[in-house]
Amino acid sequence: MYRIVAKETLVPSIQLMKIDAPAVSRKGKAGQFVIVRTHERGERIPLTIADMDPEEGTVTIVFQEVGKSTRELAMFKAGDSIMDFVGPLGIPTHVEKLGTVVCVAGGVGVAPIAPIARAFKQAGNKVITIMGARSKNLLFWEERLKAVSDELIVTTDDGTYGRKGVVTVPLKEVLERPEKIAEVIAIGPVVMMKFCCVTTRPFNVKTIVSLNSLMLDGTGMCGCCRVSAGGQTKFVCVDGPDFDGHTIDWDIFQARQQIYLDEEKQALQEWERCGCVSAAQKGRA
Amino acid sequence: MAKLDLNRVEMPRQEPKVRAKNFKEVALGYTEDMMKAEASRCIQCAKRPCVAGCPVNVDIPEFIRALRDGNVAESVRILKGKNALPAICGRVCPQETQCEEACTLGKKGASVAIGRLERYVADWELAHHSEGKPQIPPPTGKRIAVVGTGPAGLTCAADLAKMGHKVTMFEALHEPGGVLIYGIPEFRLPKAIVKAEVEYVKSLGVEVRLNSVIGKLDTVDEILSSYDAVFLGTGAGLPMFLGIPGENLNGVYSANEFLTRVNLMKAYLFPEYDTPVKKGRRVAVVGAGNVAMDAARCALRLGAEQVYIVYRRSKVEAPARHEELENAEEEGVIFKWLTNPKRFIGDARGWVTGMECLEMELGEPDASGRRRPIPKPGTEFTIECDVAIVALGTTPNPLIAQTTRGLATTSHGTVVADEQTGKTKKDRVWAGGDVVTGAATVISAMGAGKRAAASIDRFLRGAQ
């Protein structure tokens with residue numbers, strides 16, 4: 001069992017949890033992910049690492065409540081324990097001194113991009129960060145990103161905070177500046193990552209995306225997470241999660257994200273109908 | 001003594017029509033009377049060819065004699081002396097090509113049903129716990145890390161613990177057992193049996209650390225700084241795909257994924273368990289090994305109306321155990337022999353709707369000694385399916401090899417190790433099972449684990 005040391009609701013439906021996992025916190029690097037399982041009947045949930053504190057022995061995860069499993073996880077409190085926590089998995093984000101890099105984050109993608117932006121900053125890069133959310137009340141970690149960025153641009157879809165619109169608009173503007181952009185790193189919803197790649201392509205700027213595909217074991221055993229990259233089949237869990245976004249077949253990726261849509265809906269409905277509280281309590285017992 | 005019966009005692013099984021709809025165990029095991037009748041068929045011959053036929057050299061005539069004499073507890077002692085996982089072996093060993101193939105009786109009639117008797121003894125022990133904790137010699141003070149908790153690792157760990165060494169096992173998944181848990185379905189090997197056997201290994205003082213992906217968490221080199229020796233029993237967990245168009249369509253699974261969802265994650269109990277699996281209406285399984293049979297039979301039990309096995313060679317060349325082919329046939333799996341998939345066909349939303357295949361014929365034998373399948377041009381046809389499962393085999397996960405200095409591997413990705421001792425090219429590291437041989441059987445992995453344990457023990461005592 002792995003104890004939840006601290007829990008914080010960052011914005012409605014996005015939760016932060018600090019998990020007591022000393023071994024993972026010692027080994028984990030920015031860009032890697034963990035797999036979480038709340039209880040004996042639970043599914044394995046892959047989550048990109050949002051922060052690590054090797055001295056404290058903790059790993060921070062940030063997740064959005066989407067389906068049954070994440071809503072159930074959200075019901076756990078500080079002091080509770082989750083059944084399984086495995087990591088660090090995947091290949092860390094490749095960080096080196098490149099010059100100027102642009103980090104683009106959308107929605108819950110702000111969490112995994114934070115340690116990556118920090119690592120690029122520490123490696124001596126100029127970091128320009130663009131973060132976006134649907135609305136002001138869904139923005140989090142602005143200060144945290146500001147602290148590791150030379151420039152921070154905030155957007156909201158509805159214009160309630162920062163610039164109105166989506167992240168690709170300021171991204172295009174940054175690319176049009178005379179300054180050479182060495183690399184763009186984009187993490188967020190699939191559509192956002194896809195359009196970041198569409199935006200950067202004419203500028204010929206390498207664009208790294210962190211793919212959050214469906215997974216099972218996370219160690220290369222099943223191929224559930226396979227993507228088509230540069231015409232070749234790759235496993236996100238062992239070959240990624242970072243990929244050159246310009247090589248990804250986004251249509252296949254988007255289709256594969258939908259495989260269990262019906263089942264996810266069914267699971268959530270049944271859970272809501274027959275007492276979600278008791279289910280979560282069962283997990284804690 | 002009554003005249004020798006040349007026919008073996010049949011083991012009761014669930015009716016095909018009934019069992020094809022449930023995940024309960026197919027084979028039901030001998031009753032006491034059946035066991036006695038079968039045990040008394042063993043003629044206790046002097047040559048004992050069955051023992052040599054067993055990869056872990058179980059004293060087969062002795063355990064059968066104890067059974068015949070009504071001393072089941074003694075039979076347990078003899079069996080467990082050589083085999084730490086008898087309830088598993090009694091169910092999934094290919095006895096027909098090992099101990100039973102060698103049986104003297106086989107020359108005249110049916111060989112003794114050694115596997116069924118082994119299962120009886122093991123199940124009796126699980127129910128009666130006659131055997132107290134085995135005598136373990138005083139601690140040697142040596143520490144061994146076993147990576148992987150499948151059959152090779154469990155056997156190696158059990159043997160080393162019985163020799164007085166302190167063993168820690170590392171498992172990547174959240175449950176121990178490796179392929180016994182994620183691969184082999186409940187109806188062939190109930191998970192309660194695997195759990196009980198793992199508990200036995202733990203009762204010997206073996207520590208099991210779950211959720212530990214060696215190579216990502218600690219590397220083998222790091223482990224070596226705090227352990228005297230390492231055994232790698234990491235199996236062959238990487239699925240092979242066909243490499244044909246459409247393989248990334250929704251509904252196309254590797255057998256590993258399909259079986260892991262169903263077995264480890266218990267997707268057949270969805271939504272009671274959280275992990276889903278697509279229950280196809282028409283399911284096509286590519287391949288004809290045991291894993292393909294397991295996948296096909298799981299698909300039936302999930303409610304598929306039609307399940308096809310598609311194989312490019314003929315029934316004679318099918319690598320699955322005869323018993324598994326027969327079980328699948330009885331349950332209604334449809335076999336498409338001499339059929340090779342060319343591409344998967346999908347709809348506009350990216351879901352598989354069919355598999356275009358080509359008829360084959362057999363030519364001259366190839367490097368594997370089996371007749372080479374040759375395509376018959378112009379014979380393309382489509383098998384409609386909404387789920388397709390690729391069961392072509394597996395190769396070792398490269399994670400350990402990539403992160404361990406000086407560990408030699410072959411071009412197939414397997415770890416190079418001495419066949420007799422399991423010693424790798426790297427100091428203080430042994431390996432055995434599928435990670436060395438490529439995908440093989442549970443018992444051959446156990447045999448390798450056993451030989452490695454003996455070699456590690458010799459090394460540690462020599463180094464004292």
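Before reading further, recall that the structure is shown in the block above.
No experiment lies behind these values; they were computed from the predicted model shown. (Residues numbered from 1 in each chain as written. Chains lettered and ligands numbered in written order. Predicted model: local features only at pLDDT ≥ 70, side-chain atom pairs only at ≥ 80, totals over all residues. Heavy atoms only, no water.)

### Description of the overall build of chain B
No. 1: Counting its secondary structure elements, chain B contains 18 helices and 16 strands.
No. 2: Taking 2.2 N^0.38 as the reference for a compact globule, 464 residues should give roughly 23 Å; the C-alpha atoms of chain B span a radius of gyration of 23 Å, in line with that estimate.
No. 3: C-alpha extents for chain B along the principal axes are approximately 70 × 60 × 50 Å.
No. 4: Buried positions account for 59% of the 464 residues belonging to chain B.
No. 5: A separation threshold of at least 6 residues defines the contact pool for chain B, and within that pool the share at least 24 residues apart is 69%.
No. 6: For chain B, the exposed area adds up to about 18500 Å²; of that, 52% sits on carbon and sulfur atoms. (Helix = DSSP H or I, 4+ residues; strand = E, 2+ residues; numbered from the N terminus. Rg over C-alpha atoms; globule rule 2.2 N^0.38 Å. Buried < 20%, exposed > 50% of the residue type's maximum accessible area, 1.4 Å probe, protein only. Contact = heavy atoms within 4.5 Å. Areas by Shrake-Rupley, 256 points an atom, 1.4 Å probe, with all protein chains shown as cover.)

### Concerning helix α9 (residues 261-273) of chain A
All names here are of chain A.
No. 1: For α9, which comprises 13 residues, the first-to-last C-alpha distance of 18 Å matches the rise-based estimate of 18 Å (1.5 Å per residue) to within 8%.
No. 2: Listed in full, the buried residues belonging to α9 are Glu263, Ala267, Leu268 and Trp271. For α9, the angular spread of the buried residues around the axis is 135°, confining them to a single face. When the buried face of α9 is taken as reference, the exposed residues oriented beyond 90 degrees from it are Asp262, Lys265 and Arg273. (Expected span 1.5 Å × (residues − 1). Arc of directions from axis to C-beta.)

### Observations concerning the interface of chain A and chain B
No. 1: Taken together, the contact between chain A and chain B spans 47 residues of the former and 39 residues of the latter.
No. 2: For the chain A and chain B pair, buried surface summed over both sides reaches about 3600 Å², with 52% attributable to carbon and sulfur atoms.
No. 3: Put simply, chain A and chain B have five salt bridges between them.
No. 4: For the salt bridge of B:Asp218 with A:Lys27, the shortest nitrogen-to-oxygen distance reads 3.9 Å. (Buried area = accessible area lost by both parts, 1.4 Å probe. Salt bridge = Lys/Arg side-chain N within 4 Å of Asp/Glu carboxyl O.)

### As for the pairing of strand β14 (residues 226-229) of chain A
All names here are of chain A.
No. 1: Neither face of β14 is open: one carries Arg226 and Ser228, the other Val227 and Ala229, and all of them are buried.
No. 2: Pairing of β14 with strand β15 (residues 232-235), which is carried by four bridges, proceeds in the antiparallel orientation. Of the residues in β15, the one forming a bridge with Ala229 is Gln232.
No. 3: Count of turn residues in the β14/β15 antiparallel hairpin: two residues, of which Gly230 carries a positive phi of about 60°. (Pairing = 2+ DSSP bridges.)

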